[in-house]
Amino acid sequence: MHEIRFHGRGGQGTVVASIILAKTFFETGYQVQTFPLFGVERRGAPVEAYLRLAEEKILVRSNIYEPDYVIVQDPKLISLVDVTRGLKPGGWILLNTPGPPTDQGPFEGFRLAWVNATGIAVELGLGTRTFPMVNTAMTGAFLRLTEMAPLDTLLEIITREIQAKPEQNRKAAARANKEVQLLGPVP
Amino acid sequence: MKQVLEGSHAVSEAVRLARVQVVSAYPITPQTHIVEAISEFCSDGTMDARFICVESEHSAMAAVIGASNAGVRAFTATSSHGLALMHELLHWASGARLPIVMAEVNRALAPGWNIWTDQTDSLAQRDTGWIQLYCEDGQEVLDTTLEAFRLAEAVNLPVMVVLDAFFLSHTFEPVDVPDQDTVDRFLPPFDPRFRLDTKNPCAFGPITGPDRYMEIRRDIQAAMDRAPEVLAAVEQEFFSLFGRRYGAVDAFLCDDAEVILVVSGTAAATCRQAVGDLRKTGERVGMLKIRLFRPFPATEIRAILPKAPKVAVVDRNVSFGAGGIFAQEVKAALALHKGNTAVYSYIAGLGGRDITTATFQEIYLTTKDTPTPPAESVWVGLAQEERA
C-alpha cells in the first residue's frame, strides 16, 4: 500500500487534488481511498488530506501517520507545519517552490522533488497572483514520482472533474509533469 | 458501475435510485453533503421528488412524517444536535408505523463543540422504535440505504442508516452504483397499508387510553421482533440481484478465536486489518461486527460469541454511569447463555479520536493478559494529563 499526505491551505484545492489523483489511480486499476483531515475549514488555514493506493481492497480507515509521500502545496507551510512528520525514511517529499530549496537540512534522509507550481498557475491564469490554484499542477508533478499512472488518464480526469478553466488546468498538470525536478535522496 | 464516490453521496445515489418522493432536511455538518446532492437531483430533474426546505430538524422530521402518512416514500438525513432536536418526532414516526428512512451521520454532542464521529447521538435514540443499521464502508452505505426502504415498508417501522462522520461520510472510495432497472426490480414503488385519503377519511394519532395503548406498543415490539427475519429475506433478494450481503452481524475468523473483538461502524474495517495482522503473528483473534443494533441481534450474537473464552467490546460511545452501550447489550444477550464467555468493555475513539490498528492490538493484548474483566468500561487512548 502507498500512503500519501497532502499539505495545503484552505481554499487551495488540496482536497480536490487528492480526489483527482484518487480517480486517476482508480482508472489505472488501483484500489483507492481519500479523505481530508477535518478541521473547521477556513480559507488560508493549514489543511491536510490523505490518499491510500493499493492493489487489494483497503481496509484500514484511520488517518495516515507514516506516509510514503508528502505533497506540500505552499512552501511557507514548512515553517508552520512539521511536513515530514512520520514520513518513511527514503520517502518522497514534493515541494511547490520557485527554485531548488537552498536549505535541504529539514529533508535529510528523504527523497526530494520540487516544481514551480505557483509560477505555472500564475502564467496560466489559475487563481490569482496572491492566491494561485496550484492543485492541478501538483497532481501532474506527483505522477512523475510514482510512475504508477499515465499522464493521459490524469488529464482525462481533470477534464471530467474541473469545471473552471479545464484547458488551463490540463496544461498546468502536463507542464508540471514535465518540469518537476526529481533531486532524489538528500544526504 | 464502480466509481470513486464520497460516502455521503453513496447515500444520495441510493435515495435517487429508491425513487424517493419527498425529502425534507436541515443542513448540519457532517451530514450536509448528502442533502446537497439530493437537492441538486431534485432541482435538475434527476429525481422526481419534492425537496422541502425547513427551519429546523424538528420540522424536517415533521415534514417527512406528513409525507409518509400521505403515502409517499420519504427520506431525511441528520447528525448529532439535529437528531437530538428530532427526538420527540422520532417517537411519533415509529408510533405511527411510518416507514421513513433517515441517514444519520454519527457526530459528537457538545459541549465541547465537536463535529467529529461518535455514536452517542444515534445510540441515545435507541428506545424510539427506530430500526438502526451501522455501516462499515461506502458500498455498505449505498446497499443498506436501498435495503432500508424494503425493510421499513415490510414491517412498518422507520429505519436509521448510520454512518461515521468523515471516516465514512467524507471519504472517497470505489463504490458500485447499480443501474435503475435492477434497483426497480429490487424495490417496487411504495404501496402503503394506510394513507391520508380524502375519499376514505379517517383519523390518525387520536387519543388512545389505557385500554388500547399497551397493545399498540406490543405491536411495535412484535414488528421489531420480525425485523431480523425480514432483513435476512431482503438481503437474500439483494444478494441474488447485486451479489452483496452483510447480515445483522458479520463474524470474521471467530471459529477458533481466544478473543473476539466486537465492533461497529468504520472501526470494523480497521479491525479486520488488525485481526489479519495479528493472525499472521499466530494470535488467535477474531472480529464480530454488529450491523443491526435495533432490534439487537441477540440470537445471532449467542451463536457466535460463546465460541471464545473472551470477548472485547469496543464502544465509540458512552452512556454516562453505565459505560459502553454495545457492551451492555452484548452482556445482556449473553446472560441467557450458560457458557463462560467473559465480556471486556472498552471505550475508544470518542469525538473523532482516531481508532487505528494499534488501538485494536492494544485492546487485544490487554484482554488476553487480564484474567477477569473489570466491572467498568476501560477507556483506551486517553492523554494522561487530560484525566479528570
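Residues numbered from 1 in each chain as written. Chains lettered and ligands numbered in written order. Predicted model: local features only at pLDDT ≥ 70, side-chain atom pairs only at ≥ 80, totals over all residues.

Draft legend 1. Spotlight on the interface of chain B and chain A. Taken together, the contact between chain B and chain A spans 19 residues of the former and 17 residues of the latter. Elements that contribute at least two residues to the side of chain B that touches chain A include exactly β8 (172-176) and α9 (267-280) of chain B. Class assignment of the residues belonging to the side of chain B that touches chain A gives a composition of nine nonpolar, seven polar and three charged. (Contact = placed C-beta atoms within 7 Å. Helix = DSSP H or I, 4+ residues; strand = E, 2+ residues; numbered from the N terminus. Nonpolar A, V, L, I, M, F, W, Y, C, P; charged D, E, K, R; others polar.)

Draft legend 2. A look at the sheet that holds strand β12 (residues 292-294) of chain B. Residues and elements named next belong to chain B. Taken in spatial order, the seven strands line up as β3-β2-β4-β5-β7-β6-β12 in an open sheet, and their pairing is mixed. Of all the strands in the sheet, just β3 (50-53) and β12 have a single pairing partner and so form its edges. Sheet twist, expressed as the mean angle between neighbouring strand axes with direction ignored, is 20 degrees. Examined bridge by bridge, strand β4 (residues 74-79) and strand β5 (residues 101-106) share five bridges and lie parallel to one another. Within β5, the position partnered with T78 by the bridge is E104. Packed on one face of the sheet, helix α2 (residues 32-43) meets β2 (22-25), β3, β4 and β5 and runs near 140 degrees to β2. (Pairing = 2+ DSSP bridges. Axes fitted to C-alpha atoms, helices over the stretch in contact; angles between N-to-C directions.)

Draft legend 3. Structural context of the domain arrangement of chain B. Residues and elements named next belong to chain B. Segmentation of chain B into domains returns domain 1 (2-190 + 233-242) and domain 2 (249-382). Averaged C-alpha coordinates put domain 1 and domain 2 at centres separated by 27 Å. Opposite the 22 residues of domain 1 that make contact, domain 2 presents 18 residues. For the side of domain 1 that touches domain 2, the elements supplying multiple residues, two or more each, are α5 (120-123) and β6 (131-134). Broken down by element, the side of domain 1 that touches domain 2 gets its largest block of residues, four residues, from β6. Among the residues forming the side of domain 1 that touches domain 2, the class breakdown is 11 nonpolar, six polar and five charged. (Domains from an automatic or database assignment.)

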